[in-house]
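# What the coordinates show
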Amino acid sequence: MKKALVISGGGSKGAFAGGVAEYLMKKEQKKYDLFLGTSTGSLMVSHLALDMLDELKDLYTNVNQKTIFSNNPFKIRHVAGEKVVSIRHLNTLWNFLNGRKTFGESKNLQSLIKRKITKEMYKEICANDKEIVVTVSNLTSNQIEYKSNKENNYEDFCDWIWGSCNYVPFMSLLEKNKQQYADGGFGSLVPIREAILRGATEIDAIILETEVTQFNRLPAKNPFSLLFDVFNFMLTHVERHNITIGKLAASNKDIKLNLYYTPTVLTTNSLVFDKHLMRKWWKSGYKYAKSKQEQLMSEFRPDVLTDQEIENGVEDIEDLKLKS
């Protein structure tokens, strides 16, 4: 038996995935041999492979825009109590004048990765015979590539994690080995099939989107918002394709596949990092995983009541007592 944990891309929504993973690994005591991540998922897999959930939670609930961006292309305003995101035109102009290829720069994230994913952690992961795999999109060769800790040294692996997270053209472009790399989600947002190809016999996949579309986007008002809408449209369909292929592959090989979606829309711009919201999402992820597990248990054993059913039953009994 080879168990795998797969975490999709999703930027700041990774906090929700952290809550789900915390419940599965701490409460359900699940042990995984293989960890696969795309974009924000690639940031999480090293800590998860070492059961460093407290450290991961501290990381994901204390970040902000400065933690990620060395040149932030976004301007966040509060209008009638709501956050409105627009582009910092001066910042993007500065990048162009300096010969950069993107609207913003994420060098701060690159530094954060090397501080939080240390060489000692990398060595321990390898010594424990755990495999962590991150997804990158090779724009030069037009290929999806999967980078394993077992096939790369520490420095290279940190580069691949950073490359997997870079949502170009709003974040940095990774240029390595005379090729250009970007966010792995552009090609493989949910790498379920890769987990199967690497020998997984049971897979838990955390998908940082709702299972069905729950809202319509407002009409684009400028080229930047239109670009976001186009990217989101593309990534939604990449995700659905990845999941469909993953389900088919799992079905053909009789592999147990558990999917954990977000129950509600968390945000329409996952490149905005609000630590207060991310703390809330972590808790939501934990509660969601708990309720899903209870649902699965009740379906498997109809005679077992969930905590919510017990609570409702107690309330009904109290009501009957009052009426009598």
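That block above? That's the structure.
Quick caveat, the model's predicted, so the values are computed rather than measured.

With that out of the way, let us pick up the overall build of the chain. For the chain, the count of helices and strands is 12 helices and 10 strands. Split into buried and exposed, the 324 residues of the chain put 51% on the buried side. Within the chain, contacts between residues at least 6 apart in sequence are counted, and of these 76% link residues at least 24 apart. Carbon together with sulfur atoms contributes 52% to the accessible area of the chain, which is approximately 16,700 Å² in total.

This part is about the nonpolar core. One finds Leu 48, Tyr 60, Leu 109, Tyr 167 and Ile 206 to be the most contacted residues of the largest nonpolar core, which totals 70 residues. When residues of this core are assigned to their parent elements, the largest contribution, eight residues, is made by helix α1 (residues 14-27). Excluding residues that lie within four positions of it along the chain, Leu 109 makes contacts with Leu 43, Thr 67, Ile 68, Trp 162, Cys 165 and Met 171.

Moving on, we get to unusual backbone geometry. Both trends apply: most residues other than glycine have a negative phi, and most peptide bonds are in trans. Along the chain, Val 168 connects to Pro 169 via a cis peptide bond; the corresponding omega equals 10°. Within the fold, Pro 169 resides in the loop between α8 (154-165) and β7 (174-176). For Ser 39, which is not glycine, the phi dihedral falls at a positive 55°. For Ser 39, the location among the structural elements is in the loop between β2 (34-38) and α2 (40-49). Judged by its relative accessible area of 6%, Ser 39 falls in the buried class. Look at Asp 51: it is not a glycine, yet its phi comes out positive at around 55°.

Taken together, the side chains of Leu 90, Leu 93 and Leu 97 present a nonpolar region at the surface, about 360 Å² in accessible area. Using a relative accessible area of 70% as the deciding quantity, one classes Leu 90 as exposed.

Aromatic ring pairs are defined here through the distance separating the ring centres and the angle between the ring planes. Inspection of every chain in the model, using the stated rule, returns 17 aromatic pairs. Note on Tyr 23 and Tyr 286: the rings are 5.2 Å apart at their centroids and 85° apart in plane angle, and the pair reads as edge-to-face. Taken together, the residues Tyr 23 in helix α1 and Tyr 286 in helix α11 (residues 275-300) connect sequence positions 263 residues apart. You can call Tyr 286 partly exposed: its relative accessible area is 27%. An aromatic cluster of three or more residues is present, and its members are Phe 69, Phe 74, Phe 96, Phe 103, Tyr 167, Phe 170, Phe 186, Phe 228 and Phe 231. The positively charged end of Lys 147 is found above the aromatic ring belonging to Trp 160, 4.3 Å away from the centroid. It is Lys 176 that lies over the ring of Trp 160; its NZ or CZ is 5.6 Å from the centre.

Glancing now at the packing of α2 against α8. To describe two helices that pack against each other, one gives the angle between their axes and the distance between the axes. Packing of α2 against α8 leaves a shortest axis separation of 7 Å and a crossing angle of 145°. Only Phe 157, Ile 161, Ser 164 and Cys 165 of α8 make contact with α2, whose side of the interface consists of Thr 40, Ser 42, Leu 43 and Ser 46. Of the residues assigned to the contact of α2 with α8, the class counts are four nonpolar, four polar and no charged.

Here we come to the packing of α1 against helix α3 (residues 53-60). Taken N-terminus to C-terminus, the directions of α1 and α3 make an angle of 165°; their axes are 10 Å apart at the nearest point. As the angle between them shows, α1 and α3 are arranged roughly antiparallel. In this structure, α1 crosses over α3, and the sense of that crossing is left-handed. In this structure, α1 uses Gly 14, Ala 15, Ala 21, Glu 22, Met 25 and Lys 26 to contact α3, whose residues at the interface are Leu 53, Asp 54, Lys 57 and Tyr 60. Partitioning the contact of α1 with α3 into residue classes produces five nonpolar, one polar and four charged.

Position of Thr 267 relative to the elements: it lies in the loop between β10 (256-261) and α11. Classification of Thr 267 as partly exposed rests on a relative accessible area of 24%. In the structure, Thr 267 is positioned 257 residues away from Gly 10 in sequence and 9.8 Å away in space, judged by C-alpha atoms. Those residues in contact with Thr 267 that lie beyond four places of it in its chain are Ser 12, Lys 13 and Trp 281.

Conventions we followed
- Residues numbered from 1 in each chain as written.
- Predicted model: local features only at pLDDT ≥ 70, side-chain atom pairs only at ≥ 80, totals over all residues.
- Heavy atoms only, no water.
- Helix = DSSP H or I, 4+ residues; strand = E, 2+ residues; numbered from the N terminus.
- Buried < 20%, exposed > 50% of the residue type's maximum accessible area, 1.4 Å probe, protein only.
- Contact = heavy atoms within 4.5 Å.
- Areas by Shrake-Rupley, 256 points an atom, 1.4 Å probe, with all protein chains shown as cover.
- Core = buried A, V, L, I, M, F, W, Y, C linked by side-chain atoms within 4.5 Å.
- Patch = residues over 30% accessible without salt bridge, like charges linked within 9 Å, V, L, I, M, F, W, Y side chains within 5 Å.
- Salt bridge = Lys/Arg side-chain N within 4 Å of Asp/Glu carboxyl O.
- Phe/Tyr/Trp six-rings, centres within 6.5 Å; stacked < 30°, edge-to-face > 60°.
- Lys NZ or Arg CZ within 6 Å of the ring centre and 35° of its normal.
- Axes fitted to C-alpha atoms, helices over the stretch in contact; angles between N-to-C directions.
- Nonpolar A, V, L, I, M, F, W, Y, C, P; charged D, E, K, R; others polar.
- Parallel < 35°, antiparallel > 145°, perpendicular 65-115°, else oblique.
- Left-handed = near helix turned anticlockwise from the far one by under 90°.

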